[in-house]
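Listed below are the residues making up each chain.
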Amino acid sequence: MKRYDFMHLSAHPVLWQVPMVVSIGVFDGIHRGHLTILDRTISFAKENGWESMVITFDKNPKMVTKSQPYHSKLTTEAQMQEILANLGVNHMVVIDFSADFSKLTAEEFLALVCAFCQVKAMVVGEDFRCGAPASSAGPVQLQEHLNRLSPGAIVEVPPFVRTDKREVVSSTLVRKKLLEGALEEIQGMLGRPYELDLVAYPSKFTEDGLLYRTASFMQLLPMAGVYDAYLTLSDDTKVPVKTIIGNEDLLIIPKVGMWDRKLLRTKRLGLIAKGSSS
Ligand SMILES: Cc1cc2nc3c(=O)[nH]c(=O)nc-3n(C[C@H](O)[C@H](O)[C@H](O)COP(=O)(O)O)c2cc1C
Ligand SMILES: Nc1ncnc2c1ncn2[C@@H]1O[C@H](COP(=O)(O)OP(=O)(O)OP(=O)(O)O)[C@@H](O)[C@H]1O
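Residue numbering note: each chain is counted from 1, following its sequence as written. Throughout, the order in which chains and ligands are written sets their labels, letters from A for the former and numbers from 1 for the latter. The predicted origin of the model limits local features to residues at a pLDDT of at least 70 and limits the giving and counting of side-chain atom pairs to 80 or more, whereas totals for whole chains, interfaces and linings rest on all residues.

Participant: Help me out: how do you make sense of the nonpolar core in this one?
Facilitator: Buried together is how nonpolar side chains tend to be arranged in soluble globular proteins. In this description, a nonpolar core means buried residues of the types Ala, Val, Leu, Ile, Met, Phe, Trp, Tyr and Cys, linked to one another by C-beta atoms lying within 7 Å. Burial is judged by counting the other C-beta atoms within 10 Å of a residue's own C-beta: 20 or more makes it buried, 12 or fewer makes it exposed, and any count in between marks it as partly exposed, with every C-beta position built from the backbone. Counting 37 residues, the largest nonpolar core has V22, M53, I55, V113, V119 and M122 as the members making the most contacts within it. Ignoring sequence-local partners within four residues, the contact set of V22 consists of M53, I55, V113, V119 and M122. Core analysis: the second largest hydrophobic core is formed by 23 residues, V169, L198, L231 and V241 among them. Once C-beta atoms are placed from the backbone, any two residues with those atoms within 7 Å are in contact.

Structure representation (structure tokens):
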């Protein structure tokens, strides 16, 4: 998978002749609803011999425009890149959602997208919106804009994915459940354990284990408590651990023996819901 900056791709449209199925969204957490959209984007492209593109944001537009309260991210860009590449997405485009960018109307934004590749289809969810609030477009207006900007292009809208309790799965709901420490419900919505990306953070060895400062995390942390977890090392081996999350520190305690501090290279920490075998 290739990664591009949106503005760079606008200036150097290297993909302008490539037929593309495009999906646009924040995709924070990459939950089961997002996976439905992404799977359909990829399969639509493959069925037709086209390529797939995911356009996403460095900051959540809804939090920048203050229509949603600010929260830390559920996934880092490295995690998102890994998940999208493993799913089989061909191109990932990241928008720097600056004050200037937030003023673009839906039509202006879509005209830029249609200028850097041959948009054949877009896959979005029922509540998709793009463009500055006064002129924002949902799936219906999106189809109308595409009829003008890329004639023949189709907008496909898979139905909402819901929880067992019939709630619509959303990043907002995952954030809420995380702050309640409800890992089982989160794991159900993500289809995998919630993982913290440890790569960028400094840690300290103590007698008990590996200590991180919670303030250094860019990702949203669950409610303070003791969690079963697994630690993924840089060679992708997984070791079972216990994790104590407090207000200031996050302590990772090995379940068997103690680590060699010179050799340990940590990558991810997966928080496991009780009763799950992941
Ligand atoms: C160019 C542009 C593209 C946008 N794309 C998205 C998007 O893909 N997903 C999203 O949640 N919000 C996106 N937004 C933000 C929404 O369109 C909208 O501004 C935000 O949800 C607040 O609208 P509201 O006040 O009507 O809720 C985008 C905004 C702009 C300016
Ligand atoms: N449960 C769902 N089922 C199907 N599609 C979904 C679901 N949730 C989001 N989508 C779609 O996925 C794309 C990305 O959505 P977005 O990143 O805004 O997710 P979200 O979970 O709704 O986020 P938030 O809760 O922060 O508003 C959009 O096209 C959206 O409509």
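From this point, the narrative continues.
Participant: Mind showing me how you'd approach the domain arrangement of the protein here?
Facilitator: Note: interface size is frequently given as the accessible area lost on complex formation between the parts. Note that the domain bounds reflect an automated or database-derived domain assignment. As far as domains go, the protein holds domain 1 (2-156) and domain 2 (193-272). The C-alpha-based centres of domain 1 and domain 2 are spaced at 33 Å. The interface is formed by seven residues belonging to domain 1 together with six residues belonging to domain 2. Taken together, the residues of the side of domain 1 that touches domain 2 break down into two nonpolar, four polar and one charged. Residues are sorted three ways: Asp, Glu, Lys and Arg are charged, Ala, Val, Leu, Ile, Met, Phe, Trp, Tyr, Cys and Pro are nonpolar, and all the rest, Gly among them, are polar.

Participant: I'm lost on the UniProt feature "domain: FAD synthetase" (unreviewed entry) in the protein in this one. Help?
Facilitator: UniProt positions are given in the numbering used here, feature names are shortened, and annotations may be inferred rather than shown by experiment. If you check UniProt for "domain: FAD synthetase" (unreviewed entry), the listed places come out as residues 19-172 in our numbering. Every helix listed is a DSSP run of H or I at least four residues long, and every strand listed is a run of E at least two residues long, numbered separately from the N terminus. For the annotated span residues 19-172, helix accounts for 36% and strand for 18% of the residues, and the straight-line distance between the end C-alpha atoms is 33 Å.

Participant: How should the site of ligand 2 be read in this particular structure?
Facilitator: Ligand 2 sits among 21 residues. The nearest are G25, V26, G33, G125 and T172. Sorting elements by how many residues they give to the shell around ligand 2 places helix α2 (residues 32-48) first, with four residues. Of the residues that constitute the shell around ligand 2, the class distribution is ten nonpolar, eight polar and three charged. Nearness is defined per residue: the C-beta atom, placed using the backbone, must lie within 6 Å of the molecule or strand.

Participant: Is there a simple way to think about the site of ligand 1 in this case?
Facilitator: In the vicinity of ligand 1 there are 16 residues, among which P61, S67, F109, C130 and S136 approach most closely. Class assignment of the residues belonging to the shell around ligand 1 gives a composition of eight nonpolar, six polar and two charged.

Participant: I keep staring at the sheet that holds strand β12 (residues 249-254) and nothing clicks. Help me out?
Facilitator: Adjacent strands of a sheet pair through backbone hydrogen bonds, lying either parallel or antiparallel. Strands pair, by our definition, only if DSSP identifies at least two bridges between them. The strand order across the open sheet built from seven strands is β7-β13-β10-β11-β12-β9-β8, with neighbouring strands paired in antiparallel fashion. Of all strands in the sheet, those with a lone pairing partner are β7 (194-197) and β8 (203-205), marking the two edges. Direction aside, neighbouring strands of the sheet carry axes that sit 30° apart on average. With four bridges connecting them, β7 and strand β13 (residues 266-272) associate as antiparallel partners. Within β13, the position partnered with L196 by the bridge is L269. The axes are straight lines fitted to the C-alpha atoms, using for helices just the contacting stretch, and the angles between their N-to-C directions are given from 0 to 180°.

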